[in-house]
Amino acid sequence: MPSTPLYGFSDTSYKTIGEEVGVRALVDRFYSIMASQRDYQPLFNLHPADLETTKDKLSRFLMGWMGGERTYQTAYGALNIPMAHAHLDVTPALVDNWLNCMRQALAELGHDAKFSDYLIQQLAIPAERIRLVSQQHQNNHQS
Ligand code: HEM
């Protein structure tokens with residue numbers, strides 16, 4: 001008998017995280033961890049000084065990505081996630097920092113470990129794509 005996946009279909013992830021309030025809480029925790037821990041300073045320093053817009057952008061993006069309302073585009077216009085990061089030099093270490101910081105935020109908020117593992121696995125896919133496009137962009141601009 002095929003097993004039913006726990007997450008990743010329809011809006012199950014969005015419901016599990018606690019919808020908009022849950023996504024915004026995650027993004028707030030993600031950035032407060034990033035701001036306060038020494039290991040994350042190289043990642044944090046790439047961000048604008050005023051984080052409010054970045055937090056709102058990431059929250060809206062993640063809401064749609066998890067199967068909830070797609071409000072990023074109405075608020076900010078079209079988005080291509082790898083291109084939005086192409087101006088950055090996204091190294092493998094920064095990818096690890098980003099995913100670890102997100103994992104820590106999920107754990108601190110008490111989310112179920114299976115759900116958190118699932119989300120991190122899924123987030124690793126766009127993260128790797130961001131790294132590849134960023135590296136291609138850096139190479140093109142060096143030569
Ligand atoms: C792979 C490692 C990542 C790094 C180093 C990184 C870094 C950053 C930085 C520094 C910004 C602010 C850019 C600026 O204002 O100039 C940003 C914005 C953003 N990031 Fe990432 N990020 C990563 C992964 C991700 C992933 C996996 C997602 C989503 C699945 C994501 C979604 C976003 C969004 C939606 C924005 C706002 C983009 C915009 O509207 O301009 N990022 N990121």
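All figures in this text were calculated on a predicted structure; none of them were measured in a lab. Position labels on residues start from 1 in each chain and follow its written sequence. It should be noted that, the model being predicted, local features are given only for residues of pLDDT at least 70 and side-chain atom pairs only at 80 or more, the latter also being counted only at that level, while totals for whole chains, interfaces and linings use all residues.

1. Considerations on unusual backbone geometry
Selection rule: Counting from the N terminus, the helices are the DSSP runs of H or I reaching at least four residues and the strands are the DSSP runs of E reaching at least two. Put plainly, a residue is buried at 20 or more neighbouring C-beta atoms within 10 Å of its own, exposed at 12 or fewer, and partly exposed in between, counting only other residues' C-beta atoms, which are placed from the backbone.
With a phi close to 55 degrees, E19 is a non-glycine residue in the positive phi region. For E19, the position within the fold is in helix α2 (residues 19-36). The exposure class assigned to E19 is partly exposed, which follows from the 15 C-beta atoms found within 10 Å.

2. As for the packing of α2 against helix α7 (residues 92-108)
Going by this rule: In this analysis, axes come from line fits to C-alpha atoms, helices being fitted only over the stretch in contact, and the angle between any two N-to-C directions falls in the range 0 to 180 degrees. Put simply, angles under 35 degrees are roughly parallel, angles over 145 are roughly antiparallel, angles from 65 to 115 are roughly perpendicular, and the rest are oblique. With the far helix as reference, a near helix turned anticlockwise by less than a right angle produces a left-handed crossing, and one turned clockwise produces a right-handed crossing. Two residues form a contact once the distance between their C-beta atoms, set from the backbone, is within 7 Å. In this classification, the charged set is Asp, Glu, Lys and Arg, the nonpolar set is Ala, Val, Leu, Ile, Met, Phe, Trp, Tyr, Cys and Pro, and all remaining amino acids, among them Gly, are polar.
It is at 9 Å that the axes of α2 and α7 come closest, and there the two elements cross at 120 degrees. As judged from the angle between their axes, α2 and α7 are oblique. Once α2 is placed against α7, the crossing between them reads as right-handed. Taken together, the residues of α7 that come into contact with α2 (itself represented by L26, R29, F30, I33 and M34) are C101, M102, Q104, A105, L106 and E108. Grouping the amino acids of the contact of α2 with α7 by side-chain chemistry returns 8 nonpolar, 1 polar and 2 charged.

3. Some remarks on the nonpolar core
In plain terms, the rule: The nonpolar core criterion groups buried Ala, Val, Leu, Ile, Met, Phe, Trp, Tyr and Cys residues into a set whenever they are joined through C-beta atoms within 7 Å.
Core analysis: the biggest nonpolar cluster contains 25 residues, and V23, L26, F30 and C101 have the highest contact counts within it. When residues of this core are traced back to their parent elements, those giving at least two are α1 (12-17), α2, α4 (52-65), α7 and α8 (113-142). Contact partners of C101, with chain neighbours within four places excluded, come to F30, I33, M34 and Y40.

Everything listed here is a matter of coordinates, which is why it stays silent on function.
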